[in-house]
Amino acid sequence: MKDNIAFKFTCSSCGGHTLTITHNWSILAGENSERWREWGPLKDDHHWQYEFKEKIGDTSDDEVQRGDFGEYQEDDSASEPEEYEIFEAETNREDDEFFINCENCDREIEFGWSQPDRRGLILPVEFSDFIPSESWPDPKYLETWQHKGWVRK
(Lines give C-alpha, C1' and ligand atoms only; values in the text may rest on other atoms or scores of the structure.)
Protein backbone atom coordinates (compact mmCIF):
# COMPACT_ATOMS: atom_id res chain seq x y z
CA MET A 1 0.00 0.00 0.00
CA LYS A 2 2.90 2.39 0.72
CA ASP A 3 4.11 1.96 -2.88
CA ASN A 4 1.19 4.12 -4.09
CA ILE A 5 2.29 7.22 -2.14
CA ALA A 6 2.99 10.13 -4.48
CA PHE A 7 5.72 12.30 -2.98
CA LYS A 8 5.88 15.96 -3.99
CA PHE A 9 9.66 15.86 -3.59
CA THR A 10 12.21 13.17 -4.31
CA CYS A 11 15.87 14.18 -3.97
CA SER A 12 17.83 13.56 -7.15
CA SER A 13 20.95 12.79 -5.09
CA CYS A 14 19.76 10.48 -2.32
CA GLY A 15 16.09 9.71 -3.01
CA GLY A 16 14.93 11.41 0.22
CA HIS A 17 11.47 12.94 0.46
CA THR A 18 11.80 15.41 3.36
CA LEU A 19 12.93 19.04 3.19
CA THR A 20 14.14 21.34 5.95
CA ILE A 21 13.72 25.11 5.89
CA THR A 22 16.32 27.23 7.69
CA HIS A 23 15.92 30.94 8.44
CA ASN A 24 18.97 33.01 9.47
CA TRP A 25 18.66 36.60 10.64
CA SER A 26 20.42 39.33 12.62
CA ILE A 27 19.13 41.36 15.51
CA LEU A 28 20.73 44.78 15.84
CA ALA A 29 20.81 46.42 19.26
CA GLY A 30 22.92 49.57 19.20
CA GLU A 31 26.50 48.65 18.49
CA ASN A 32 25.86 44.98 19.17
CA SER A 33 24.31 42.45 16.88
CA GLU A 34 23.33 38.84 17.21
CA ARG A 35 22.81 36.14 14.58
CA TRP A 36 19.99 33.65 15.03
CA ARG A 37 18.86 30.54 13.20
CA GLU A 38 15.60 28.62 13.27
CA TRP A 39 14.65 25.55 11.29
CA GLY A 40 12.04 22.87 10.80
CA PRO A 41 10.40 20.64 8.18
CA LEU A 42 8.73 21.94 5.04
CA LYS A 43 5.51 20.02 4.51
CA ASP A 44 4.05 18.85 1.19
CA ASP A 45 1.37 21.58 1.46
CA HIS A 46 4.17 24.21 1.40
CA HIS A 47 3.65 25.19 5.04
CA TRP A 48 6.34 24.95 7.66
CA GLN A 49 6.80 25.34 11.38
CA TYR A 50 10.13 26.04 12.97
CA GLU A 51 10.90 23.40 15.57
CA PHE A 52 14.36 24.56 16.62
CA LYS A 53 15.96 27.94 17.31
CA GLU A 54 19.50 28.87 18.33
CA LYS A 55 21.80 31.84 18.60
CA ILE A 56 24.64 31.50 16.13
CA GLY A 57 27.75 31.94 18.24
CA ASP A 58 30.81 33.73 17.08
CA THR A 59 34.23 32.63 18.19
CA SER A 60 35.71 32.47 21.66
CA ASP A 61 36.20 36.26 21.40
CA ASP A 62 32.69 36.55 22.84
CA GLU A 63 33.94 35.53 26.26
CA VAL A 64 33.56 38.16 28.96
CA GLN A 65 36.75 39.99 29.73
CA ARG A 66 37.05 40.70 33.43
CA GLY A 67 38.91 43.85 34.45
CA ASP A 68 40.71 44.82 37.65
CA PHE A 69 38.15 46.60 39.81
CA GLY A 70 40.89 47.89 42.12
CA GLU A 71 41.53 50.84 39.83
CA TYR A 72 37.99 52.19 40.23
CA GLN A 73 36.79 54.28 43.16
CA GLU A 74 33.29 54.82 44.47
CA ASP A 75 31.55 57.89 43.04
CA ASP A 76 30.78 60.19 46.00
CA SER A 77 29.50 63.05 43.85
CA ALA A 78 25.97 64.39 44.24
CA SER A 79 25.36 64.49 40.49
CA GLU A 80 22.67 62.39 38.82
CA PRO A 81 23.66 59.49 36.62
CA GLU A 82 24.13 60.31 32.96
CA GLU A 83 21.23 59.53 30.67
CA TYR A 84 22.29 57.24 27.90
CA GLU A 85 20.51 56.50 24.69
CA ILE A 86 18.79 53.15 24.83
CA PHE A 87 18.77 51.20 21.60
CA GLU A 88 15.86 48.92 20.91
CA ALA A 89 16.50 45.66 19.16
CA GLU A 90 15.58 45.78 15.50
CA THR A 91 15.84 43.46 12.58
CA ASN A 92 16.29 44.12 8.90
CA ARG A 93 14.20 41.49 7.12
CA GLU A 94 15.88 42.27 3.79
CA ASP A 95 19.06 40.71 5.15
CA ASP A 96 17.32 37.52 6.30
CA GLU A 97 18.46 34.32 4.64
CA PHE A 98 16.28 31.32 3.88
CA PHE A 99 17.53 27.91 2.80
CA ILE A 100 15.77 24.73 1.77
CA ASN A 101 17.79 21.52 2.05
CA CYS A 102 17.16 17.82 1.63
CA GLU A 103 16.93 16.51 5.18
CA ASN A 104 18.79 13.33 4.25
CA CYS A 105 21.81 14.58 2.26
CA ASP A 106 21.68 18.36 2.97
CA ARG A 107 21.65 19.29 -0.73
CA GLU A 108 20.36 22.85 -1.23
CA ILE A 109 17.09 23.07 -3.15
CA GLU A 110 16.20 26.13 -5.23
CA PHE A 111 12.87 27.72 -4.28
CA GLY A 112 10.52 30.64 -4.69
CA TRP A 113 7.62 32.21 -2.83
CA SER A 114 3.88 32.29 -3.51
CA GLN A 115 3.87 36.09 -2.98
CA PRO A 116 6.38 38.85 -3.71
CA ASP A 117 8.90 40.08 -1.11
CA ARG A 118 9.47 36.62 0.38
CA ARG A 119 5.93 36.25 1.65
CA GLY A 120 3.43 33.44 1.53
CA LEU A 121 4.21 29.80 0.95
CA ILE A 122 7.58 28.33 -0.01
CA LEU A 123 7.61 26.71 -3.45
CA PRO A 124 10.63 24.44 -4.04
CA VAL A 125 11.55 24.13 -7.71
CA GLU A 126 11.82 20.35 -7.34
CA PHE A 127 8.29 19.89 -5.94
CA SER A 128 6.07 18.08 -8.44
CA ASP A 129 3.50 20.92 -8.24
CA PHE A 130 5.97 23.76 -8.91
CA ILE A 131 4.72 26.31 -11.48
CA PRO A 132 7.28 29.07 -12.26
CA SER A 133 4.64 31.54 -13.46
CA GLU A 134 2.95 31.40 -10.03
CA SER A 135 6.15 31.98 -8.05
CA TRP A 136 8.51 34.78 -7.08
CA PRO A 137 12.17 33.76 -6.70
CA ASP A 138 14.04 34.01 -3.43
CA PRO A 139 16.53 36.89 -4.02
CA LYS A 140 19.55 34.56 -4.21
CA TYR A 141 17.97 32.78 -7.20
CA LEU A 142 16.80 35.87 -9.12
CA GLU A 143 19.61 35.75 -11.70
CA THR A 144 19.11 32.03 -12.32
CA TRP A 145 15.37 32.53 -12.80
CA GLN A 146 16.03 35.42 -15.23
CA HIS A 147 18.20 33.10 -17.36
CA LYS A 148 15.43 30.49 -17.31
CA GLY A 149 12.76 33.06 -18.23
CA TRP A 150 10.82 32.40 -15.03
CA VAL A 151 10.76 35.93 -13.57
CA ARG A 152 7.25 37.39 -13.44
CA LYS A 153 6.70 40.71 -15.16
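Keep in mind that what you see is a predicted model, and the values were worked out from it rather than measured.

With that out of the way, let us pick up the overall build of the chain. Tallying secondary structure elements over the chain gives one helix and eight strands in all. Scanning the chain from its N terminus toward the C terminus, one meets helices and strands in the order β-β-β-β-β-β-β-β-α. Buried positions account for 24% of the 153 residues belonging to the chain. Counting only contacts in the chain whose residues sit at least 6 apart along the sequence, the fraction spanning at least 24 positions is 48%.

On to the pairing of strand β7 (residues 119–124). Pairing between strand β6 (residues 111–115) and β7: four bridges, direction antiparallel. By the bridge assignment, phenylalanine 111 is partnered in β7 with proline 124. Counting the residues that bridge the hairpin from β6 to β7 gives three residues, and of these aspartate 117 lies at a positive phi of roughly 60°.

Rules of the game
- Residues numbered from 1 in each chain as written.
- Predicted model: local features only at pLDDT ≥ 70, side-chain atom pairs only at ≥ 80, totals over all residues.
- Heavy atoms only, no water.
- Helix = DSSP H or I, 4+ residues; strand = E, 2+ residues; numbered from the N terminus.
- Buried < 20%, exposed > 50% of the residue type's maximum accessible area, 1.4 Å probe, protein only.
- Contact = heavy atoms within 4.5 Å.
- Pairing = 2+ DSSP bridges.

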